[in-house]
Amino acid sequence: MDIRRRVAALIVCVVGITLHSAGDQLVDPLTQPGWQHFYNNEFDAAVADFQQETGARPDDPDGWDHLAQAILYREMYRNGALESQLVSGTNPFLRRAKFDVTPQVRTDFRAAIEKAMTLGEAVLARNASDTHALYALSVAHGLRANYLFLVEKAWIDALHDASASSRYSNRLVEVDPNFIDSNIIQGVQNYVVGNLPQHWKLLGFLIGFHGDRELGIRQLQLVAERGVLSKYDARILLAAIYRRERRSQDAIPLLKNLAELFPRNYLFRLEQVQMYSDMGKKDEALAALADVDRLRQEGQPGYKHLPVEKLNYIRGNLLFWYDDLGGALTNLREAAQHADQLDLGTAQLAWFRLGQTLDLMNRHEEAVPAYREASQVEVQSDIGAEAKHYISNPYHRKRTHQTG
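Report on the accompanying structure. (Residues numbered from 1 in each chain as written. Predicted model: local features only at pLDDT ≥ 70, side-chain atom pairs only at ≥ 80, totals over all residues. Heavy atoms only, no water.)

Re the overall build of the chain
Where we set the bar: A run of DSSP states H or I qualifies as a helix once it reaches four residues; a run of E qualifies as a strand once it reaches two. Both are numbered from the N-terminal end. To sort residues, take the accessible area from a 1.4 Å probe on protein chains only and compare it with the maximum for the residue type: under 20% means buried, over 50% means exposed, and anything in between is partly exposed. Any two residues whose heavy atoms approach within 4.5 Å at even a single point are treated as in contact. What sets the accessible areas is the Shrake-Rupley method with a 1.4 Å probe; for residues, cover comes only from the shown protein chains.
Each helix and strand counted, the chain has 19 helices and 0 strands in total. Relative to its full complement of 404 residues, the chain shows a buried share of 57%. For the chain, long-range pairs separated by at least 24 residues make up 66% of all intrachain contacts whose partners lie at least 6 apart in sequence. With an accessible surface of roughly 16,900 Å², the chain has 50% of that area assigned to carbon and sulfur atoms.

Structure below.
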C-alpha cells in the first residue's frame, strides 16, 4: 500500500472526529437541540436544526461547520462507519471502498464547509489572533480532510487539509494556552503519529506532524475531563483508543457514561459488547447484546429501527472468535441472508465471516458462495479482494481471539 495513503489514513481518520467551533463564550453542546439529535444518531433532525442556525446567523462560521459535520456523519452512520472497529488494529477504513453518496450530499457538504472557511478566513484577515475563527477553521479543515478521505478517497488532498487543521489548532494554542478543547486535535495527532513505525513517523514529521503516543492520550483525557466544547468527543475517541491499546476495561466506564447521556444512541451499548468480548468476558458481552435486543423489541426510541440482522452479525462474529462455530453459523447465516437490511460494510462482513466460519468447519464448498457474495458487495474494497482469495485458498484461523 502506498505509504502516503497509509499515513493519510492514520492521521485523517480521527482528525475529523466531532468537534465544535468556539464562540465568545464556551457552552456545553448539549444545551443545543441540534447536538442532542447529533449524538443520538438523529442526523436528519440535526441537519434541520443546523440549517436553522445558519439561517439565523449566516455570517458565523460555527453554524456552517455544524451543518457540514451533520451531513458528513449522516453518511458515515448510513455506511456503518461509526464503530470503534474502524480505528482498530486492522483499520477497516483502509479496507473499505469509498462511500456511495449522492451528488446532492457532495454539493451540500462542500457548500457548507467552503462557507465556514470563507467566513473564518475573513475574520482572521481582520484579527489574526481571533480564537473563534482559528478554532472554526481548524474544525472545517479537519472535517474536509475526513470527507476527502472517506468519500473521495483523495489521500493527498485529505492529508493537506489535516495539516491545515493542525496549523490552525497550533496557532490557537499559542494565542490561548488555556483553551483546553484545542488539545483534542493535538492529542489525536500525537497519538496517531506516535504509533507510526519510525520510517512513517519521519514522513509525518516532514509534513508537519509530531508524535507522542502517551502525551496524546493524556491530552485527550484532559479534554474528556475538563473540556467544554469537545469533552464528549474526547470520551468517544478515548474509548476507541483504549480498545486499540487493549485497555478495554478503561473504555467501559466511558461508554456507560455516554450511553446514559445519549440513551437513543445504540452504538454506545454495542461498543460495550465489543469491549467485554475483547476482555475475554463472553457472558458479559452476550448479556450486553441481549440488553440491546430487549430495547429493540420494546421499541424504545433509537432502537426500534435497529435491524435485528445487525445484532445477528455482532453475535455471530463474537461467537466466531470464541470458537462457538455452530452458534456463529446460525447467526451469521441469518444476517447474510437478510443483508439488504444492513449497511454495506456490515453486509460484506456478514458474508465474509460466514465463509470463514464454514471453512473452519471444513465445509469449503459451502463457503465459496459466501465469499463470492462478500466480494461483490463492495468490489473495490480490500475485504472484497480477500474474499476472492479465500475462494481458492480456504481460510485457516491465525489468532485465538479477536473480535474486530
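There is more to say, and it comes next.
Structural notes on the packing of aromatic side chains
Worth spelling out the cut-off: Aromatic pairs are defined between Phe, Tyr and Trp rings, using the six-membered ring for Trp, whenever the two ring centres lie within 6.5 Å; interplanar angles under 30 degrees are classed as stacked, those over 60 as edge-to-face, and all others as tilted. Whether a charge sits over a ring comes down to the Lys NZ or Arg CZ being within 6 Å of the ring centre and within 35 degrees of the ring normal.
Enumeration according to the criterion identifies 21 aromatic pairs in this entry. Consider the rings of tryptophan 35 and tyrosine 39, whose centres lie 6.3 Å apart with planes at 40 degrees: the pair is tilted. Taken together, the positions of tryptophan 35 and tyrosine 39, both in helix α2 (residues 33–39) and 4 residues apart, correspond to about one turn of that helix. You can call tyrosine 39 buried: its relative accessible area is 3%. The structure contains a cluster of three or more aromatic residues connected by ring pairs, namely Trp35, Phe38, Tyr39, Phe43, Phe50, Tyr73, Tyr77, Tyr232, Phe262, Tyr266, Phe268 and Tyr303. A cation over an aromatic ring shows up here: arginine 397 above the ring of phenylalanine 320, its NZ or CZ 4.6 Å from the ring centre.

Points about helix α6 (residues 131–152)
Rule in force here: Expected helix span is taken as 1.5 Å per residue step, with the number of steps being one fewer than the number of residues.
The end-to-end C-alpha distance of α6, which contains 22 residues, comes to 30 Å, matching closely the 32 Å that a straight helix rising 1.5 Å per residue would cover. Burial within α6 is extensive, with 19 of its 22 residues counted as buried. Count one or two residues on from α6 and you reach lysine 153, which has phi positive near 55 degrees.

Structural notes on the nonpolar core
This is how the line gets drawn: Put simply, a nonpolar core is a bunch of buried Ala, Val, Leu, Ile, Met, Phe, Trp, Tyr and Cys residues held in one set by side-chain atoms that sit within 4.5 Å of each other.
In this structure, Phe38, Phe109, Ile184 and Leu354 are the most contacted members of the largest nonpolar core, which totals 112 residues. Of all the elements, α6 adds the most residues to this core, at 12 residues.

Here's the deal with the side chain of serine 138
Among the structural elements, serine 138 can be located in helix α6. Setting aside chain neighbours within four positions, we find serine 138 in contact with Ser165, Tyr168, Ser169 and Ile185.

Looking at the packing of helix α4 (residues 61–78) against α6
Where we set the bar: The angle between two axes is taken between their N-to-C directions and runs from 0 to 180 degrees, where each axis is a line fitted to C-alpha atoms and a helix contributes only its stretch in contact. Comment on the angle field: the value is read as roughly parallel under 35 degrees, roughly antiparallel over 145, roughly perpendicular from 65 to 115, and oblique elsewhere. In this scheme the handedness of a crossing depends on how the near helix is turned from the far one: anticlockwise by less than a right angle means left-handed, clockwise means right-handed. Amino acids outside the nonpolar list (Ala, Val, Leu, Ile, Met, Phe, Trp, Tyr, Cys, Pro) and the charged list (Asp, Glu, Lys, Arg) are all regarded as polar, and Gly is one of them.
Taken N-terminus to C-terminus, the directions of α4 and α6 make an angle of 20 degrees; their axes are 10 Å apart at the nearest point. In terms of axis orientation, α4 runs roughly parallel to α6. In terms of crossing hand, the pair formed by α4 and α6 is left-handed. Facing α4, whose interface residues are Pro61, Asp62, Asp65, Gln69, Leu72 and Met76, α6 presents His132, Ala136, Val139, Ala140, Leu143, Asn146, Tyr147 and Leu150. Of the residues belonging to the contact of α4 with α6, the class tally is 9 nonpolar, 3 polar and 2 charged.

So, the pattern of salt bridges
How we decide: The working definition used for a salt bridge is a side-chain nitrogen of Lys or Arg within 4 Å of a carboxyl oxygen of Asp or Glu.
Taken as a whole, this structure holds 23 salt bridges when the rule is applied. Across the salt bridge formed by glutamate 53 and arginine 57, the nearest N and O atoms sit 2.6 Å from each other. Linking aspartate 278 and arginine 243 is a salt bridge whose minimum nitrogen-to-oxygen distance equals 2.5 Å. Linking aspartate 278 in helix α13 (residues 267–278) with arginine 243 in helix α11 (residues 231–244), this pair joins segments that are 35 residues apart in sequence. On the basis of relative accessible area, arginine 243 is assigned to the buried category, the value being 8%.

Let's talk about unusual backbone geometry
A positive phi angle is found at asparagine 41, which is not glycine, with a value near 65 degrees. Within the secondary structure layout, asparagine 41 lies in the loop between α2 and α3 (43–56). Overall, the relative accessible area of 12% leaves asparagine 41 in the buried class. Positive phi outside glycine occurs at asparagine 362, with the angle close to 60 degrees. You can see asparagine 362 is positioned in the loop between α17 (344–360) and α18 (364–377).

Some remarks on α13
Spanning 12 residues, α13 covers 16 Å between terminal C-alpha atoms, matching the ideal 16 Å at 1.5 Å per step. Judged by how many residues are buried, α13 sits mostly within the fold: 10 of 12 residues are covered. Buried within α13 we find Leu267, Phe268, Leu270, Glu271, Gln272, Val273, Gln274, Met275, Tyr276 and Ser277. Buried residues belonging to α13 abut α2, α4, α11, α12 (248–261), α14 (282–297) and α15 (308–321).

What to know about the side chain of lysine 231
Rules: Think of a polar contact as two N or O atoms within 3.5 Å of one another; within protein, one of them needs to be a possible hydrogen donor and the other a possible acceptor, and neighboring residues in sequence only count if both atoms come from side chains.
Within the fold, lysine 231 resides in helix α11. Looking at lysine 231, its side chain comes within polar contact range of the side chain of aspartate 28, at 3.1 Å. Apart from the residues within four sequence positions on either side, lysine 231 is in contact with Asp28, Asp181, Val223 and Ala224.

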